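# Structural description and commentary
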Amino acid sequence: SAGVVIVGAGQAGFQLAASLREAGYADPITLVGDESDLPYQRPPLSKAYLADKITASGLELRPAAYFDDHHIHHRPGLRAVAIDRPGRRLLCADGEAVAYDHLVLATGTRNRALPVPGAGLAGVFQLRSRADADRLKAALPEAQSVVIVGAGFIGLEFAGICAARGLAVTVIEAADRPMARAVSAETAAYFTRAHAGAGVRFLFGTGIVAVEGEGRATAVRLGDGSAIATDLVLVGIGVVPNQELAEAAGLTVGDGIHVDAVLATDDPAISAIGDCARAPSRFADGAPVRIESVQNALDQGRCLAARLTGRPAVYDAVPWFWSDQGPHKLQIAGLAAPADTSVVRPVPAGLCVFRFRDGRLSAVETVDRPGDHMAARRILAQGLALTPAAAADPGHDLKALAT
Ligand code: FAD
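Note that the structure is predicted; figures quoted are calculated from it, not measured. (Residues numbered from 1 in each chain as written. Predicted model: local features only at pLDDT ≥ 70, side-chain atom pairs only at ≥ 80, totals over all residues. Heavy atoms only, no water.)

### Quick notes on the overall build of the protein
When its secondary structure is counted, the protein shows ten helices and 26 strands. In terms of overall dimensions, the protein has a C-alpha envelope of 60 × 60 × 35 Å along the principal axes. By residue count, 52% of the 403 residues in the protein fall in the buried class. Relative to all contacts within the protein whose residues are 6 or more apart in sequence, the contacts with residues 24 or more apart total 60%. Charge centroids of the protein, computed over 38 positive and 43 negative side chains, lie 3 Å from each other. (Helix = DSSP H or I, 4+ residues; strand = E, 2+ residues; numbered from the N terminus. Buried < 20%, exposed > 50% of the residue type's maximum accessible area, 1.4 Å probe, protein only. Contact = heavy atoms within 4.5 Å. Lys, Arg positive; Asp, Glu negative; His and termini not counted. Charge placed at Lys NZ, Arg CZ, Asp CG, Glu CD.)

Pasting the structure below:
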């Protein structure tokens, strides 16, 4: 048998391979990845790794011996370029054709490029891969000032690290607040204050029209004509899913590779998981969503492994996420839509915001409150009813509700 072939040796692809072996899958598993590293975790790239608190081997999901011991055929540095669906073969950039019984696309996302002149100058960075992080780490000691384009999670985590190093930090964001797609206005305001308190300067409602410099970036030009001098520019303006393989093979795509409730594409021999997949979610009233998080990558990997070993189940895990910014930990349970209402629970320290959609709890955003976050995950998993009045009442114990 040709077994399972996985494209993308990231968080989701690796988890699928590991979970297949745990479930007793005995046929070949091939993990094709275009990066040269062993499969590694990305979250520390903008946290502990960038702050020099862990080394490169600390990023690795497993040591090299694991792959041999578990007969997982990891093929680093190999790029898949096409799918031959009738022949059930994955075609690779080196001319190789890898046969499959089941093909899994776990190709993740890539960073959206900054569409302005000068974006290619030296001193302009992005952060997605370990190689990106290494380039950034090498440049940071030379920098006194940084400009961050985009106040998303990665931009703000980087801002926190730079401010702690004593650098002058300016964050430029087109929206009127940070993390606008992902969190409530209340949580956004909390982090704006926290970062500003650490010396970070925010410019909201404005974009950059050019990066300027002779050979290397020395300034960014804003829409109003003004310029900000800088030694380093980090671009964090979102990602696009790596869906071209699926699209060229005639599978349905559209901001993600479309999969059904059990993570299958239109072709029953091909599935998709992780950041690149768009799957229906009960946390979005059944609508298909593409979620960029470690939790989603891991749980989709596990869900698909169960199906491929004879225990099919609908993907139903509660979404959750975290982001470490300066000294603060943001945690999100559930999936809020931007229009969801907010109920702020008065708490002595940190922040606790409940989001509601049509009177039903959709998500809970907490800052430095891990106990409340865990309770929120259980409440959402069990579909327990929580009224806005109860959410607002600190006397109403969350942990007692979620048993
Ligand atoms: P990835 O881990 O991106 O893996 C996809 C792999 O497929 C990549 O190695 C890619 O190179 C490879 N690939 C793509 N196309 C091909 C091809 N044609 N052939 C071969 N290989 C291919 N999430 C959180 O929940 N919390 C956090 O705090 C957090 N912090 C983050 C910080 C950073 C800096 C980044 C970049 C991400 C962070 N995330 C965080 C998001 C999280 O890392 C992703 O959601 C997760 O990695 C998704 O896993 P994946 O396997 O779908 O994709």
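Don't stop here, the text continues.
### Remarks on the pairing of strand S23 (residues 328–334)
Every regular strand shows the same layout, with side chains that alternate between the two sheet faces. Of all the seven residues making up S23, six are buried; the element is thus mostly covered by neighbouring parts of the structure. Pairing of strand S22 (residues 320–325) with S23, which is carried by six bridges, proceeds in the antiparallel orientation. Counted as the bridge partner of Trp320 is Ala333 from S23. Joining the antiparallel neighbours S22 and S23 is a turn of two residues, in which Gly326 adopts a positive phi near 55°. (Pairing = 2+ DSSP bridges.)

### A closer look at the environment of Gly160
With respect to the element layout, Gly160 can be found in helix H4 (residues 153–164). Gly160 sits 120 residues away from Tyr40 along the chain, and the two C-alpha atoms are 23 Å apart.

### Concerning the domain arrangement of the protein
For the protein, the assigned domains are domain 1 (4–110 + 239–308), domain 2 (113–235) and domain 3 (327–401). Placing a centre on the C-alpha atoms of domain 2 and another on those of domain 3 gives a separation of 30 Å. On the domain 3 side, the residues contacting the eleven residues of domain 2 number 13 residues. For the domain 2 and domain 3 pair, buried surface summed over both sides reaches about 930 Å², with 69% attributable to carbon and sulfur atoms. Seen at the junction of domain 2 and domain 3, the total is zero salt bridges. Split by residue class, the side of domain 2 that touches domain 3 holds seven nonpolar, two polar and two charged. (Domains from an automatic or database assignment. Buried area = accessible area lost by both parts, 1.4 Å probe. Salt bridge = Lys/Arg side-chain N within 4 Å of Asp/Glu carboxyl O. Nonpolar A, V, L, I, M, F, W, Y, C, P; charged D, E, K, R; others polar.)

### Some words on the nonpolar core
Within the largest apolar cluster, 49 residues are counted, with the highest numbers of intra-cluster contacts made by Ile6, Ile83, Leu90, Leu103 and Leu105. Apart from the residues within four sequence positions on either side, Leu90 is in contact with Val5, Val7, Val32, Ala80, Ala82, Ile83, Glu96, Ala97, Val98, Tyr100 and Leu103. Within the second largest apolar cluster, 39 residues are counted, among which are Tyr49, Cys162, Ala163 and Leu234. (Core = buried A, V, L, I, M, F, W, Y, C linked by side-chain atoms within 4.5 Å.)

### With respect to the sheet that holds strand S13 (residues 208–212)
Pairing within the open sheet is antiparallel, and its three strands lie in the order S13-S14-S15. Sheet topology places S13 and strand S15 (227–229) at the edges, where each strand pairs with a single neighbour. Adjacent strand axes in the sheet meet at a mean angle of 20° when their direction is disregarded. As defined by bridge partners, strand S14 (residues 219–222) adjoins S15 across three bridges and the pair is classed as antiparallel. Pairing of Arg221 across the sheet is with Ala227, part of S15. (Axes fitted to C-alpha atoms, helices over the stretch in contact; angles between N-to-C directions.)

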